[in-house]
Amino acid sequence: MAENNPAPALIVVAHPEDVVRLFSTVAPGADLAVVTEDGGAGRELETVGRALGARSTHLLLSPSEVGPWCREQRSRGDVRVFTHSPQEDAPLHREVALLVSRVFDRLWVPATGARPTAWTVLDDAAFQRKLGLLNTLYRERPDGAVSGACTDPVRDGPGIEAFTEARAADVVRALSLTKPEIFSELADPWGFSRSAYEVERFALTAKVLGTLRHAVPPRRVVDVGACEGMMTEHLLALFPDANVQAVESEPRFVTRLRERLGGHARVRIVEASAEDVALEADLVLLAEVLYYLSDDASRDLLDRLRASHLLTSYGGGFGDQLHAALAGRGWKCIQSATLPGRIEPVDGAGSPLLVRRAGTGIRLWER
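Criteria and thresholds
- Residue positions within a chain follow its written sequence, with the count starting from 1.
- It should be noted that, the model being predicted, local features are given only for residues of pLDDT at least 70 and side-chain atom pairs only at 80 or more, the latter also being counted only at that level, while totals for whole chains, interfaces and linings use all residues.
- With hydrogens and water set aside, each side-chain value is computed from the structure's full complement of heavy atoms.
- Secondary structure elements are defined from DSSP: runs of H or I of at least 4 residues count as helices, runs of E of at least 2 residues count as strands, and each element is numbered from the N terminus.
- Note on contacts: a residue pair is in contact if any heavy atoms of the two residues lie within 4.5 Å.
- Surface accessibility in these figures is a Shrake-Rupley result with a 1.4 Å probe; residues are shielded only by whichever protein chains are displayed.
- A positive count includes Lys and Arg, and a negative count includes Asp and Glu. His and the chain ends are not counted in either.
- Here the site of a charge means NZ on Lys, CZ on Arg, CG on Asp, or CD on Glu.
- Pairing of aromatic side chains here covers Phe, Tyr and the six-membered ring of Trp, requires ring centres within 6.5 Å, and sorts the geometry by plane angle: under 30 degrees stacked, over 60 edge-to-face, intermediate tilted.
- Only protein chains enter the accessibility calculation, which uses a 1.4 Å probe; a residue is then buried when its area is under 20% of its type maximum, exposed when over 50%, and partly exposed in between.
- Only the contacting stretch of a helix is used when fitting its axis, a line to C-alpha atoms as for every element, and angles between N-to-C directions run 0 to 180 degrees.
- Helix crossings get a hand from a simple test, with the near helix turned counterclockwise from the far one by less than a right angle marking a left-handed crossing and a clockwise turn marking a right-handed one.
- Amino acid classes used here: Ala, Val, Leu, Ile, Met, Phe, Trp, Tyr, Cys and Pro are nonpolar; Asp, Glu, Lys and Arg are charged; the rest, including Gly, are polar.

1. Focus on the overall build of the protein chain
Then, in step 1: Counting its regular elements, the protein chain contains eleven helices and 16 strands.
Then, in step 2: In terms of principal-axis extent, the alpha carbons of the protein chain reach across some 75 × 45 × 35 Å.
Then, in step 3: Long-range pairs, those at least 24 residues apart, make up 72% of the contacts in the protein chain with a sequence separation of at least 6.
Then, in step 4: Only carbon and sulfur atoms are counted for the fraction: they give 50% of the accessible area of the protein chain, which is about 17600 Å².
Then, in step 5: Counting 42 positive and 50 negative side-chain charges, the protein chain places the centres of these two groups 4 Å from one another.

The following block contains the structure:
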């Protein structure tokens, strides 16, 4: 890897141990930075730097220091930037990945839930050196009993270091799965236009809604969580006599929604949360929005529903609970379609980072 990529390496992680676990094979000659509020980690970082042959070590005592330090490194010329995968479990690891992606467009991340594009299998000597260094750090920071278990498996295999080259947009898309507040940074954050899963979900939703045309088509529709307006636009075509209220709480999505449909005579755009609008219409769409409400807020919302028809799209145990709650309130499912789960690129197309789309049950209810 070093021969094909002569640019010096920059490694930004959450703890000195992470350098050893994930990046020991690219650490020689690299500049190492660790983001931690533990001032005592400096000694561990120096130990790691010396053992791995790093060029320099830097202790960043707050996530707020990541951006300025990375921009300073970027100004010095071309570098290969290594950091955490946005698909790791630890919240600080994901935060570090996001902060680094704010500065650098191309990143190398551990191939966690991704297709590896470069890898190294350590020989026995290198493996033993790595294991010895990990044990040295472990002795200095004996936290093994924190989990409550006497023994824990080493899940990320220190004998193989595999990496994926990812774009900053890939990192943001992957993080959006666990940090919904950054969805709005991206156009088409769910990959409606490119994801095979989302394209099929949209088509199935449209098919289920289309059955209403054969009965009494709705004249008043409330589309909750309208996002950028793709479904709102389809509703206008599906029900040509209907007026649609598009409800969206995220300001950036509202801006795009207005750009798409702000001039349409049959659309009223409301910037508000689902908790703050009246849900009185012939048809209310509540697809993929209740996940973001508390249990109490969801119960209150269901109690406030005053509609002839309701569309939902939820899967798994959450969907089962919601369906039972609706049935208990007198709603009857009259049409349904099921979309199985799927593993696909995070952008629905060519990203090396993979995500698991959980699957959903699309249901049309009547009361």
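Having put the structure on the table, let's press on.
2. A word on the packing of aromatic side chains
What describes a pair of aromatic rings is the distance from one ring centre to the other and the angle between the planes of the rings.
Then, in step 1: Within the structure shown, the criterion is met by seven aromatic pairs.
Then, in step 2: Where phenylalanine 82 meets phenylalanine 163, the ring centres are 5.4 Å apart and the plane angle is 75 degrees; that geometry is what we call edge-to-face. Here phenylalanine 82 is found in strand β4 (residues 80–83), whereas its partner phenylalanine 163 is found in strand β7 (residues 160–167), with 81 residues between them in sequence.
Then, in step 3: A relative accessible area of 0% places phenylalanine 82 in the buried class.

3. Things to note about unusual backbone geometry
Apart from glycine, the bulk of residues carry a negative phi angle, and the bulk of peptide bonds sit in the trans form.
Then, in step 1: The phi torsion at cysteine 227 lies on the positive side, around 55 degrees, for a residue other than glycine.
Then, in step 2: Summarising the element assignment, cysteine 227 is placed in the loop between β8 (220–224) and α8 (230–238).
Then, in step 3: With a relative accessible area of 7%, cysteine 227 lands in the buried category.
Then, in step 4: Backbone geometry places glutamate 288, a non-glycine residue, at a positive phi of 60 degrees.
Then, in step 5: Assignment of secondary structure puts glutamate 288 in the loop between β11 (280–287) and α10 (295–304).

4. Topic: the environment of proline 251
Then, in step 1: Position of proline 251 relative to the elements: it lies in helix α9 (residues 251–261).
Then, in step 2: Residue classification places proline 251 among the partly exposed positions, given a relative accessible area of 44%.
Then, in step 3: Taking the C-alpha atoms as reference points, proline 251 and threonine 36, 215 residues apart in sequence, are found 33 Å from one another.

5. What to know about the packing of helix α7 (residues 196–210) against α8
Then, in step 1: The N-to-C vectors of α7 and α8 enclose an angle of 30 degrees; their axes lie 11 Å apart at closest approach. Considering only the axes of α7 and α8, their crossing is right-handed. Touching Phe202, Thr205, Ala206, Leu209 and Gly210 of α7 are Met230, Met231, His234, Leu235 and Leu238, all from α8.
Then, in step 2: Here the contact of α7 with α8 is composed, by residue class, of seven nonpolar, three polar and no charged.

Coordinates in, geometry out; function isn't part of it.
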